[in-house]
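These are the residues of each chain, in order.
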Amino acid sequence: MRLIATHKYSYLDVQSLDERQARDTLFRYGENCFLLHMTPGEGEEDQILWLDSRAALLWINQSVEEYGSI
């Protein structure tokens, strides 16, 4: 497994109206297999998504406004 890219971004928590930090990390797992680890912030559950090459490329090229939207 190899680290490909990391996105860190701020977002507004709707319930508490606090600004939080989230981090998405993309790993390459094989030839056409990528793992996206999404960490939304304090006290919330992480998400893991398996992506193919096309989806990983789209994720890498997201604009700042689209972070966390996959």
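Our structure is the block above this text.
Before going into details, it helps to say that this report is about the structure given with it. (Residues numbered from 1 in each chain as written. Predicted model: local features only at pLDDT ≥ 70, side-chain atom pairs only at ≥ 80, totals over all residues. Heavy atoms only, no water.)

### Let's talk about the sheet that holds strand β2 (residues 19-28)
Okay, step 1: Within the open sheet, the four strands sit side by side as β1-β2-β3-β4. Their pairing is antiparallel. Looking along the sheet, the strands with just one partner apiece sit at the ends: β1 (2-12) and β4 (47-51). Neighbour to neighbour, the strand axes of the sheet diverge by 20° on average, direction disregarded.
Okay, step 2: Summarising the sheet, β2 and strand β3 (residues 34-39) pair through six bridges and their orientation is antiparallel. When the sheet's bridge partners are listed, Arg 23 is paired in β3 with Thr 39. (Pairing = 2+ DSSP bridges. Helix = DSSP H or I, 4+ residues; strand = E, 2+ residues; numbered from the N terminus. Axes fitted to C-alpha atoms, helices over the stretch in contact; angles between N-to-C directions.)

### Things to note about the packing of aromatic side chains
Any aromatic ring pair is given by two values, namely how distant the centres are and how the planes are angled relative to each other.
Okay, step 1: If you walk through the whole model with that rule in mind, you get one aromatic pair.
Okay, step 2: Between Tyr 29 and Trp 50, the ring centres sit 5.3 Å apart and the planes meet at 70°, which makes this aromatic pair edge-to-face. A residue pair is termed long-range when its members are at least 10 positions apart, and Tyr 29 in the loop between β2 and β3 and Trp 50 in strand β4 qualify at 21 residues. (Phe/Tyr/Trp six-rings, centres within 6.5 Å; stacked < 30°, edge-to-face > 60°.)

### Things to note about the nonpolar core
Okay, step 1: Ala 5, Leu 26, Phe 34, Leu 36, Met 38, Leu 51, Ala 55, Ala 56 and Trp 59 form the largest nonpolar core, which has nine residues in total.
Okay, step 2: Those residues in contact with Phe 34, other than ones at most four positions away along the chain, are Ile 4, Leu 26, Phe 27, Arg 28, Tyr 29, Leu 49, Trp 50, Leu 51, Asp 52, Ser 53 and Ala 56. (Core = buried A, V, L, I, M, F, W, Y, C linked by side-chain atoms within 4.5 Å. Buried < 20%, exposed > 50% of the residue type's maximum accessible area, 1.4 Å probe, protein only. Contact = heavy atoms within 4.5 Å.)

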